[in-house]
Amino acid sequence: MFSEEELREISGVKRGDDYVEVMCGCTSHRYGDAVAKLRVFSSGELVISCDCTPGCPEDKLTPAAFEKHSGRETSRKWKNNIWIIVDGEKVPVVKTALLKYYNQSSKANGSHRSQNGRACHRDEFIRCTDCNKERRFRLRTNEECRSYHDALANQHWKCSDIPYDKVSCDDDEERASRRVYRGCSRSPTCRGCTSCVCFGCEICRFSDCSCQTCIDFTRNAKA
């Protein structure tokens with residue numbers, strides 16, 4: 001993804017199969033530095049896990065959501081306000097090579113389309129039947145869409161049924177101010193548009209599922 005030269009002197013670099021993770025942060029004049037980890041995926045997606053306080057539950061944030069969460073007074077300029085430590089100094093992320101996949105993805109996708117030209121899938125919520133708290137489901141991959149699809153069909157779904165996060169009914173529900181961020185690349189607070197709401201594709205419909213929605217989609221796709 002990135003050459004050694006591009007990542008040289010950047011603090012906290014870790015490489016994954018399809019991402020690079022680095023230390024980042026955002027500074028509020030009132031609250032000080034909020035430190036976090038930024039993951040840059042080869043698809044262009046940027047995901048931030050916040051470490052502003054021990055045990056902070058805010059993870060998988062968009063850069064704009066992290067900027068707001070940090071308490072930055074002049075928000076909506078996250079490319080300049082979110083910094084990376086380079087050679088011991090805070091450098092705006094826009095001045096590093098870390099956004100090259102994000103920028104290429106934005107240009108290729110018209111700023112709101114996935115790389116295959118289809119509408120992206122925004123995050124969805126399901127309410128636990130035991131504690132009545134809403135839990136977030138990210139729908140970026142086929143596996144994540146299947147987890148949400150199966151959970152939606154389960155009339156007795158509980159927090160402990162989430163397959164990829166260790167969540168219990170004792171864990172706090174996301175704040176309302178956080179729940180408005182649903183992963184739409186057109187607008188962080190989008191309430192649902194043709195860019196982020198998919199009505200059926202091979203990522204979120206399943207040929208081995210017996211529900212009527214998947215059966216209808218499979219039949220129509222073959223027709």
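Within every chain, residues take consecutive numbers counted from 1 along the sequence as written. Given that the model is predicted, a residue must reach a pLDDT of at least 70 before its local features are reported, and side-chain atom pairs must reach 80 or more before they are shown or counted; all residues, however, enter totals for whole chains, interfaces and linings. As a convention, hydrogens and water are excluded, and side-chain values are obtained from all of the structure's heavy atoms.

With an unreviewed UniProt entry as reference, the chain is termed Protein ultrapetala 1, source organism Nicotiana attenuata.

Here we come to the pattern of salt bridges. Any two side chains of opposite charge can pair, given that their charged atoms come close. Each reported salt bridge corresponds to a side-chain nitrogen of Lys or Arg within 4 Å of a carboxyl oxygen of Asp or Glu. Taken as a whole, this structure holds 22 salt bridges when the rule is applied. Between Arg 15 and Glu 4 there is a salt bridge, and its shortest N-O distance comes to 3.4 Å. Placement of Arg 15 in strand β1 (residues 14–15) and of Glu 4 in helix α1 (residues 4–7) is noted, with a sequence separation of eleven residues between them. Burial status follows relative accessibility: with a 1.4 Å probe on protein chains alone, a residue under 20% of its type maximum counts as buried, one over 50% as exposed, and anything between as partly exposed. Take Arg 15: its relative accessible area is 44%, and that puts it in the partly exposed class. Take Glu 4: its relative accessible area is 57%, and that puts it in the exposed class. To qualify as a helix, a DSSP run of H or I must reach at least 4 residues; to qualify as a strand, a run of E must reach at least 2; elements of each kind are numbered from the N terminus.

Attention now moves to the packing of aromatic side chains. Any two rings among Phe, Tyr and Trp, with Trp reduced to its six-membered ring, count as a pair given centres within 6.5 Å; such a pair is stacked if its planes are under 30 degrees apart, edge-to-face if over 60, and tilted if neither. Following the criterion strictly, the structure yields three aromatic pairs and no others. Summarising the aromatic geometry, the rings of Phe 137 and Trp 157 are spaced 5.6 Å apart at their centres and angled 55 degrees between planes, so their arrangement reads as tilted. Separated by 20 residues along the polypeptide, Phe 137 in strand β8 (residues 134–137) and Trp 157 in the loop between α5 (142–153) and α6 (176–179) bring together distant segments of the chain. Accessibility classification places Phe 137 together with Trp 157 in one group, the buried group.

On to unusual backbone geometry, then. A positive phi angle, near 75 degrees, is found at Glu 9, a position not held by glycine. As for its placement among the helices and strands, Glu 9 is situated in the loop between α1 and β1. Residue Glu 9 is classed as partly exposed on the basis of its relative accessible area of 46%. In this model, Lys 60 sits at a positive phi of 55 degrees, which is unusual for a non-glycine residue. When you line up the elements, Lys 60 lands in the loop between β4 (46–50) and α2 (63–69). Residue Lys 60 is classed as partly exposed on the basis of its relative accessible area, which comes to 29%.

Looking at the element boundaries, Arg 138 is found in the loop between β8 and α5. The class of Arg 138 is buried, set by a relative accessible area of 10%. Polar contacts, as counted here, are pairs of nitrogen or oxygen atoms within 3.5 Å of one another; within protein the pair requires one atom able to donate a hydrogen and one able to accept it, and residues that are adjacent in sequence qualify only if both atoms are side-chain atoms. A polar side-chain atom of Arg 138 sits 2.6 Å from a polar atom in the side chain of Glu 45. Polar side-chain contacts of Arg 138 include one of 3.3 Å to the side chain of Glu 144. Discounting residues that sit within four places of it in the chain, Arg 138 has contacts with Glu 45, Val 47, Lys 60, Asp 123, Glu 144 and Tyr 164. Whether two residues are in contact is decided by their heavy atoms: any pair within 4.5 Å suffices.

A word on the nonpolar core. What tends to happen in soluble globular proteins is that the nonpolar side chains get buried as a cluster. The criterion is simple. A nonpolar core is a set of buried Ala, Val, Leu, Ile, Met, Phe, Trp, Tyr and Cys residues joined through side-chain atoms within 4.5 Å. Cys 24, Leu 38, Ile 48, Phe 66, Ile 84, Val 93 and Leu 98 are the most contacted members of the largest nonpolar core, which totals 26 residues. Ignoring sequence-local partners within four residues, the contact set of Val 93 consists of Leu 38, Trp 78, Lys 79, Ile 82, Trp 83, Ile 84, Leu 98 and Leu 99. Formed by 16 residues, the second largest nonpolar core is a distinct cluster that contains Cys 145, Trp 157, Cys 159 and Val 167.

Turning to the environment of Cys 159, a few remarks are in order. If you trace the backbone, Cys 159 turns up in the loop between α5 and α6. Residues Cys 159 and Cys 131, 28 residues apart in the sequence, show an inter-C-alpha distance of 8.2 Å. Leaving out residues up to four positions away in the same chain, Cys 159 has contacts with Cys 128, Cys 131, Arg 135, Val 167, Ser 168 and Cys 169.

Here we come to the pairing of β4. For β4, the buried fraction is high: four of the five residues fall into the buried class. As defined by bridge partners, strand β3 (residues 32–41) adjoins β4 across five bridges and the pair is classed as antiparallel. The residue bridging Ala 36 from the neighbouring strand is Cys 50, located in β4. When DSSP finds at least two bridges between two strands, those strands are taken to pair. In textbook terms, the turn of a hairpin is the stretch between consecutive antiparallel strands, and for β3 and β4 this stretch comprises four residues, one of which, Gly 44, has a positive phi near 100 degrees.

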